[in-house]
Amino acid sequence: MRYLYFIIMRSILIILFFMLIAVSAKSQKWQQGYFYDVKGNKETGFIWAKPGGRGPIKDEAFIEFKENNKENPYKLSASDLSSFVVGRDSFVVAAEPQTGNWQYGMDFVKVALDEDIKLYQFKGEGNRGVGGGIRPEFEGGIGGGTGGYGGGVGAGISIPIGHGGGGKGGNRIAYYYGANTAEMKELTPFNFVDIMSDMMGDEPDIADAIRNNKYNLSNIDRLIADFNKAKASHSSQ
């Protein structure tokens, strides 16, 4: 009898454990943030940037939004938005580059560096017709409330996450640069030194390190972090 009681209680605890994990995971999907629509109107609430299922418009990425935890969420397609912000990460809308192989013809790009010449980041997996797609990932990076850049086209290079080189399918990152998404151009191993040293020219030590090949596409996250750290130290003086 005692053994049967133990089996039942263990089963109940296991079920409760997985229910708790499911509830916790669902709550983490919703983050405080805001968006700007194509008319420039701002709405603040909770955003789920990577919802599953089918979006409102075919071939467009989408987010889900709710004003508060008591409201029912609704979907917003990329063409409804100009930008959105979750946490410290800012995203803008961009059209698929000719060589992008995105899941969607219109998607969201993260503003990795908000300088005069901006650095945009795509992050996702798979390509069109395969599944997955370029979808935002949130890393507590750069950004802050920049909105309304508009859509555009460009070309880019995809590299596996954490590695250099190209390739189709799997997890990958693509970087683009430009004054806005309409002027995005690819960031490649061939133009990396010229583009990034010019973009970060206000920090001579960082620019020199780029020219000395201390940084490349495979460690660009460290470059961005070092640049922001140097910039913050000078701005506080």
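One numbering rule holds for all chains: residues counted from 1, following each sequence as written. The model is predicted, so local features are restricted to residues of pLDDT at least 70 and side-chain atom pairs to those at 80 or more, both for listing and for counting; the totals for chains, interfaces and linings are taken over all residues. Hydrogens are left out, water is left out, and the side-chain values use all remaining heavy atoms of the structure.

Draft legend 1. Main features of the overall build of the chain. Looking only at helices and strands, one finds four helices and twelve strands in the chain. Counted over contacts in the chain with a minimum sequence separation of 6, partners at least 24 positions apart contribute 55%. The helix count covers DSSP runs of H or I at least four residues long, the strand count covers runs of E at least two residues long, and both are numbered beginning at the N terminus. Here, residues are in contact when the closest pair of their heavy atoms is within 4.5 Å.

Draft legend 2. Representation of unusual backbone geometry in the model. The backbone phi angle of D59 is positive, close to 70 degrees, even though this residue is not glycine. Tracing the backbone through its elements, the reader meets D59 in the loop between strand 2 (42-48) and strand 3 (62-66). Working definition: with a 1.4 Å probe on protein chains only, accessible area under 20% of the residue-type maximum means buried, over 50% means exposed, and in between means partly exposed. Judged by relative accessible area, which is 34%, D59 ranks as partly exposed. A positive phi angle, near 65 degrees, is found at N213, a position not held by glycine. One can find N213 in the loop between helix 3 (204-211) and helix 4 (220-235).

Draft legend 3. Representation of helix 4 in the model. The end-to-end C-alpha distance of helix 4, which contains 16 residues, comes to 22 Å, matching closely the 22 Å that a straight helix rising 1.5 Å per residue would cover. Every buried residue of helix 4 is listed here: I220, L223, I224, F227 and A230. For helix 4, the buried positions fall inside an angular range of 135 degrees around the axis, keeping them on one side. A helix is expected to span 1.5 Å multiplied by its residue count minus one. This arc corresponds to the set of directions leading from the helix axis out to the C-beta atoms.

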